[in-house]
Amino acid sequence: MSSLTDSSLYQLTSTRFRLFFREPEAMFWIFVFPILLAVGLGIAFRNRPADVLQVGATSTQLTQALNGDKGLAAAAMGEGEGAHELATGRILLLAIRNDEGVAYKYDDTNPDARLARLLADRAIQKAAGQKEALQSSNNLVHETGARYIDFVVPGLLGMNLMGSAIWGLGFSIVEARQKKLLKRFVASPMPRWEYLASYILSRLVLLVIEVIAFLGFSKLVFGVPFRGSLWELGLLCVLTSLSLSSLGLLIASRAKTIEAVSGLMNLAMLPMWILSGIFFSATRFPKLIQPIVQALPLTAAIEALRGNMLQGMSLSQLGAPMAVLAAWLVVPFVISLWIFRWR
Amino acid sequence: MSSHIQVLSGTPPKSAPSDSALSLSGVRKAFADVVAVDGIDLEVERGECFGLLGPNGAGKTTTIEICEGLTTPDAGGVKLLGLSWQTSAAELRQRIGVQLQETQFPEKLTVEEILRLFRSFFRRGTAAEETIGMAQLEEKRRARIGTLSGGQKQRLAMACALVGDPDLLFLDEPTTGLDPQARRHLWDLVDQLRSAGRTIILTTHYMDEAERLCDRVAIMDHGRIIALGTPQQLIASVGGDHVVEFAVGTDARKEAVDARLLTAIPGVRAHRVDAGLHQLSVVELHTTVPRIFSTLAEMGLKPSEFRTHSATLEDVFVGLTGRNLRDE
């Protein structure tokens, strides 16, 4: 009984691993799904060269002038036809030659149409002989770290950490309770804290595999930047996973059936999927609900992960989100130890 | 209907209560407004195989779970191996082995893995391999639990209870739901444990199981112990070693049966009617049966059915409650 492998904590933890790796579906959701999601989003939101804007003009002279700008593609058409093309969205702007000069017909609430208006007017004025008052030149920049994929990878990482923590704990604890295995365990001399600790330990080991697989893929395929310290990023992942595991434990602490715990898990995770800024910034939500949004553990986690990866912030600059995560670690854990149903 | 007779308690405890394996005094437990256990006193000796027998809902599982420290009684005292749950829970957990009624072990673990896991909880005990041998699961050592038959799962549950080399073993309905062959297999296992001198407390609603396995039996009904003793003593308390059953056909004839004349026959100890079937407790078949025939003939009756069997615990239960064990 002296060796490590005979200790109950080791046995409990390795049991968790065995059960996890013998469940192919769980492996898919935790390891494969986030990578598939990143690939899909990477393709959908890849950066394309600036679009050429379609416009129309009522005279050949105007059409030629408009085509002089690389950003515009112009076609000649009558006013009636042009109005129809505008209405169906095939062109963004119609330039109409009249006695005074030129009139532009466009929708000023559409940003692309406003851009077309600026480009068209510049092209026509230039063709009419206008000179630039000030000489200007362009330096073009395509920087990594400002792309959508760079923004969404820390979001997906946070979402994945939440899913594996809450699903991982919720389902297996409630299944053990439903099958009276928990009751059998408490009828044995098993230390109860070791049972809960075995979940945390196995989670931390799986976390390493999960995070390295996902971030490694994002780095290799999309060249996502890591501007902060990698150790600190690792620490943030651990803190995130522990906080959400603590929430998972609370969710699983009373439920007697898988159906009941599934409902509770969705209830806990759905607001975070929507509000926590996985796919777009959480600050876009109205001011009124910001206190709620900012108090969610996933919001804090994603904010900290983005701060580290995209802005290269150090832990000392991420005090606020880390404090939120720490609170979510301690409070649900204490409550669940108190209310946990062992049978 | 139910006559709460305290049949003489088998071998009365010779030693002081603190030396017994299990001692219950005045134990009560109610769930909401249902009284599950209604004042139970019990002493179990070390080395004894003790059975709690009764129909479903009699309070057997609640009683055994109170003993196992899984349920706290509303009133009364519980001592195991001279220790109580309030003061020595950790020590007791190390020294008892428990098999619960409805445990489902994780299907994707193997027999060996679950036994190693349970072994790791105990300070001392039997090696997982040895326990596998004891439960005759050698061939299934590396098999996943999901592939085991009902009987094998039950033997595995027993192996998990034995892996800590317990001083006191609790088995809650160990053979419920098993086919006859698997039951006999499990009985052999319990026999081996008995002869190895282990103290075993088991619950069952099979009277043949209690009769076959137990040194002493407590018959429970409605949360009380209504009879306590060795199976032989309990059966003797019915008033005879044998039971004679007969029927006399149509309703008109049934009324012609005079119970007083039947009980007056020498050797007949008791008479009762169950669903048209007359049952007589009889001491000596060879002298009494001819007398029963002649008495029936005097009443002008001819039995349409007639059979005899050795008295069983079932007859004891029917005699005490007027109901069959399986009625519930």
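Residues numbered from 1 in each chain as written. Chains lettered and ligands numbered in written order. Predicted model: local features only at pLDDT ≥ 70, side-chain atom pairs only at ≥ 80, totals over all residues.

A. Region of the structure containing the confidence of the model for chain B. Residues and elements named next belong to chain B. In this model, chain B carries a mean pLDDT of 86, and residues with pLDDT of at least 70 account for 91%. For residues 1-17, every residue scores under 50 in pLDDT, and the model assigns this stretch 32 contacts once sequence neighbours within four places are set aside. Overall fold confidence for the complex sits at a pTM of 0.77, while the interface term, ipTM, reaches 0.83. (pLDDT = per-residue confidence, 0-100. Contact = placed C-beta atoms within 7 Å.)

B. Summary view of the domain arrangement of chain B. Residue and element names in this part refer to chain B. According to the domain assignment, chain B contains domain 1 (17-235) and domain 2 (239-321). Once you take the C-alpha centre of each, domain 1 and domain 2 turn out to be 38 Å apart. Each partner contributes to the interface: domain 1 provides 12 residues, whereas domain 2 provides 8 residues. Every element with two or more residues in the side of domain 1 that touches domain 2 is listed here: helix 7 (207-213), strand 8 (216-221), strand 9 (224-229) and helix 8 (231-237). (Domains from an automatic or database assignment. Helix = DSSP H or I, 4+ residues; strand = E, 2+ residues; numbered from the N terminus.)

C. View of helix 13 (residues 319-339) of chain A. For helix 13 of chain A, which comprises 21 residues, the first-to-last C-alpha distance of 30 Å matches the rise-based estimate of 30 Å (1.5 Å per residue) to within 8%. The inward-facing, buried residues of helix 13 of chain A contact helix 9 (230-252), helix 11 (290-295) and helix 12 (297-311) of chain A. (Expected span 1.5 Å × (residues − 1).)

D. The pairing of strand 4 (residues 102-106) of chain A, seen in detail. Residue and element names in this part refer to chain A. As defined by bridge partners, strand 3 (residues 93-97) adjoins strand 4 across 5 bridges and the pair is classed as antiparallel. Residue pairing for strand 4: Arg 97 is matched across the bridge by Val 102. Two successive antiparallel strands, strand 3 and strand 4, enclose a turn made up of 4 residues. (Pairing = 2+ DSSP bridges.)

E. Inspection of the nonpolar core at higher detail. Within the largest apolar cluster, 145 residues are counted, with the highest numbers of intra-cluster contacts made by Ala 159 and Ile 219 of chain B. Ranked by residues supplied to this core, first place goes to helix 6 (residues 148-178) of chain A with 15 residues. In contact with Ile 219 of chain B, other than residues within four places in its own chain, are Leu 53, Gly 54, Ile 225, Ile 226, Ala 227, Val 316, Phe 317 and Leu 320 of chain B. Grouped together as the second largest cluster of nonpolar side chains are 19 residues, Ala 57, Leu 66, Leu 72 and Leu 94 of chain A included. (Core = buried A, V, L, I, M, F, W, Y, C linked by C-beta atoms within 7 Å. Buried ≥ 20, exposed ≤ 12 C-beta atoms within 10 Å, placed from the backbone.)

F. Highlighting the interface of chain B and chain A. Contacts between the two partners involve 21 residues from chain B and, on the opposite side, 19 residues from chain A. Of all elements in the fold, only helix 2 (85-95) and helix 3 (111-120) of chain B reach the threshold of two or more residues within the side of chain B that touches chain A. For the side of chain B that touches chain A, the element with the most residues is helix 3 of chain B, which contributes 5 residues. Looking at the side of chain B that touches chain A, its residues break down into 11 nonpolar, 4 polar and 6 charged. (Nonpolar A, V, L, I, M, F, W, Y, C, P; charged D, E, K, R; others polar.)

G. Seen up close, the pairing of strand 9 of chain B. All names here are of chain B. Burial analysis of strand 9 places 5 of its 6 residues in the buried class, which makes it a mostly covered element. Here 5 bridges tie strand 8 to strand 9, and the two strands are oriented antiparallel to one another. Within the sheet, the bridge partner assigned to Ile 219 lies in strand 9 and is Ala 227. Taking the residues that link successive antiparallel strands as the turn, the strand 8-strand 9 hairpin has 2 residues, and the phi of His 222 there is positive, at about 50°.

H. Structural context of helix 9 of chain A. With 23 residues, helix 9 of chain A extends 32 Å between its outermost C-alpha atoms, agreeing within 8% with the 33 Å of an ideal straight helix rising 1.5 Å per residue. Of all the 23 residues making up helix 9 of chain A, 17 are buried; the element is thus mostly covered by neighbouring parts of the structure.

I. Geometry of the packing of helix 6 of chain A against helix 10 (residues 258-275) of chain A. Residues and elements named next belong to chain A. Taken N-terminus to C-terminus, the directions of helix 6 and helix 10 make an angle of 165°; their axes are 9 Å apart at the nearest point. Judged on the interaxial angle alone, helix 10 and helix 6 are roughly antiparallel. The crossing of helix 6 and helix 10 is right-handed. In contact with Met 162, Ile 166, Trp 167, Gly 170, Phe 171, Val 174, Glu 175 and Gln 178 of helix 6, helix 10 contributes Ile 258, Val 261, Met 265, Ala 268, Met 269 and Met 272. Grouping the amino acids of the contact of helix 6 with helix 10 by side-chain chemistry returns 11 nonpolar, 2 polar and 1 charged. (Axes fitted to C-alpha atoms, helices over the stretch in contact; angles between N-to-C directions. Parallel < 35°, antiparallel > 145°, perpendicular 65-115°, else oblique. Left-handed = near helix turned anticlockwise from the far one by under 90°.)

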